[in-house]
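Now for the letters of each chain:
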Amino acid sequence: MSTANDIGNPWARWQESFLTESAANARRLAQLPSLYQRAQRVKKGATPSEVVYEEDRLKVLHYPGKEPARYATPLIFVFALVNRPYILDLKMGRSVVSHFVDRGFDTYLIDWGSPTYADRHLTIDDHVNGYLSNVVDFVRERAGTPNASLLGYCMGGTMSTMFTALHQERVKNLILLAAGIDFSTREGLLNLWAQQEYFDVDKFVDAFGNCPAEFLQASFLMLKPVQNLIEKPINFFEKADDPEAIDDFLTMETWLNDNIPVAGEVYREFVKFLYQQNLLVQNKMPVGKHTVDLRKITCPVLNIMAKNDDLVPCAQSMPFNDLVSSKDRKSLVIPAGHIGLAIGGKAQREVWPHTCDWLSERS
Amino acid sequence: MGDTSERESDGQKRCGGRSEIGQRKAPMNDEQESANHTAEQLAAFQKIWGETFNKMMQAGFTFSPESAPPEFLRQMRSGIFQALGQSWEQFLRSPQFMEGMKQCMDNAIAFRKMSGDFFTKVRHETQSTSREDIDAVMLAVRHMETRVLDRVEELAAQIEEVNKRLNASGQNTGRPSQPGTKPKGRTRRNPRKK
């Protein structure tokens, strides 16, 4: 038989919880007015760097590190043309770059810059055989080595793959991070939405010139609307009385909303040749006057993928290792999302130290 | 639309030409098809959201009086969001959504074109430069650049060839060899080394 105490306990617990939550909510609300000012103070990039090369809007950052480089082969980070590259050096404790710098790699990062309307005619060829080629040459010259290692993230990974296939002699190691290679999968929503019958990329680019940043941002938000538009703000509010959580949130949101447009022709080629025609895996991808043949990649490759990636699903990156001629090839699948793959706790604790080990044995 | 044209061509075959009835029937078929299409979209929409609310209700019924209230509420919220997330995913993958997205894009493109044409006309009327003119100049510069870079690449290849021959003859005659040319790739446009 239940006593009055047993019946009363849950009610008392509810009352107590109500008071505790009300007090916590008051503390959280008190934090909100200062958010804007705190967001203004978010630092972009944590590791000390210097600009060593500029070309048009492109900048190459060099991370000198505290001690001289221990490995001869320099490492170049190739970020996507979408968003800014400082996600790779977001903040202390969440920086991919710092792992490599601290381990003694001569580290460089390409910041492609934000294209203006005048850059709408720039193609993948301009980026791969133009800018990227020049950066690799500059870094090789600076380091005095015949080749460099490339680490490409997302679209930067796809471009690094194209570059390596076209200029294998200049690349010593290739590391891919959530890079789109096989676009035949229908696992990701972007792959579905970009289908030729639903999206006329020619009309779109002809009308808009560059692909607007707002369009890209809206597309990314729509990949997980409930999580991005409802759950995220609620979760943030629940942690609003934790300064560390606020700092993480603001840093991340600053990056997420720091969107840039994509040069029109690059966008056209990317959608048409990759998302719609899937030419890269067929070794038919045209880059200017050249055709990318993945079989020409012979250097060591490390293919890192995120299991819960909604932007570049695993199935899109997985076939890469079977398409190249490299004998030294390895895949890593991490239980993380597209961004978590770079800055997530597990990635910081396990993936990057492991990747540093892998690269140090080959540099 | 495909069905309508098939019916029309059948009618033409039977009547030996485009009949008056056929001409009158076509718009009716179009309207009917459009109505069917809308009904189909509505039905699919209803189905997806009906399932969503069902799942959300199920998530709300996992109540245990023993669990602490905030945890219980969070668990319920998480269940609701999960159900909602799954349904959205399903909806975003549906042909109905993609058809709607296509229509939106087509309208946005048409509007952009229309406003572009309007501003071009205004600027031309006021004898100023429109974006279209800038585009034309940019494209001309771009073609010129491509031609120049192609020529430079050809010249680089020729110089490389000449160097190879010189090196080969230098090895034969004992003369010092010439340095090699830059590997293939575009010439730097505007490099600024620091």
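Residues numbered from 1 in each chain as written. Chains lettered and ligands numbered in written order. Predicted model: local features only at pLDDT ≥ 70, side-chain atom pairs only at ≥ 80, totals over all residues. Heavy atoms only, no water.

J.: For this particular structure, what's the right way to read empty space enclosed by the protein?
T.: In this approach the atoms are scanned with a rolling probe the size of a water molecule, which exposes any empty space left behind. All names here are of chain A. Here the structure, examined in full by the defined rule, presents three cavities of 30 Å³ or more. Of the volumes computed, that of the largest cavity is approximately 160 Å³. Residue lining of the largest cavity: 15 residues in total, with Trp 112, Gly 113, Pro 115, Leu 122 and His 127 positioned closest to the centre. Here the residues of the lining of the largest cavity sort into nine nonpolar, three polar and three charged. (1 Å grid on protein atoms, 1.4 Å probe; cavity = no way out; pocket = protein on both sides within 12 Å on 5 of 7 lines; lining within 4 Å. Points joined across faces, edges and corners; volume = space filled by probe spheres on them. Nonpolar A, V, L, I, M, F, W, Y, C, P; charged D, E, K, R; others polar.)

J.: Teacher, can you tell me more about the domain arrangement of chain A here?
T.: Many structure descriptions define interface size as the accessible area lost when the parts assemble. Looking at chain A, the domain boundaries give domain 1 (4–39) and domain 2 (45–212 + 261–360). The centre of domain 1 of chain A, based on its C-alpha atoms, is set 45 Å off from the matching centre of domain 2 of chain A. (Domains from an automatic or database assignment.)

J.: Mind showing me how you'd approach the interface of chain A and chain B here?
T.: Residue-level contacts link 56 residues of chain A with 47 residues of chain B. Summed over both partners, the interface of chain A with chain B comes to about 4,700 Å²; 56% of that surface belongs to carbon and sulfur atoms. Per-residue buried area on chain A facing chain B is highest for Trp 14, His 121 and Tyr 198 of chain A; these three make up 14% of the total on that side. Taken together, the links from chain A to chain B amount to seven salt bridges. The salt bridge involving Asp 135 of chain B is made with Arg 120 of chain A; its shortest N-O contact spans 2.6 Å. For the pair chain A and chain B, the interface holds twelve residue pairs in polar contact (both at pLDDT 80 or more). Mapped onto the side of chain A that touches chain B, the elements with two or more residues apiece are helix H1 (4–31), strand E1 (50–55), helix H4 (124–143), helix H6 (189–193), helix H7 (201–208), helix H8 (213–223) and helix H9 (225–238) of chain A. Ranked by residue count, the leading element in the side of chain A that touches chain B is H4 of chain A, at eleven residues. For the side of chain A that touches chain B, the residue count by class is 26 nonpolar, eleven polar and 19 charged. (Contact = heavy atoms within 4.5 Å. Buried area = accessible area lost by both parts, 1.4 Å probe. Salt bridge = Lys/Arg side-chain N within 4 Å of Asp/Glu carboxyl O. Polar contact = N/O pair within 3.5 Å; in protein donor to acceptor, adjacent residues only side chain to side chain. Helix = DSSP H or I, 4+ residues; strand = E, 2+ residues; numbered from the N terminus.)

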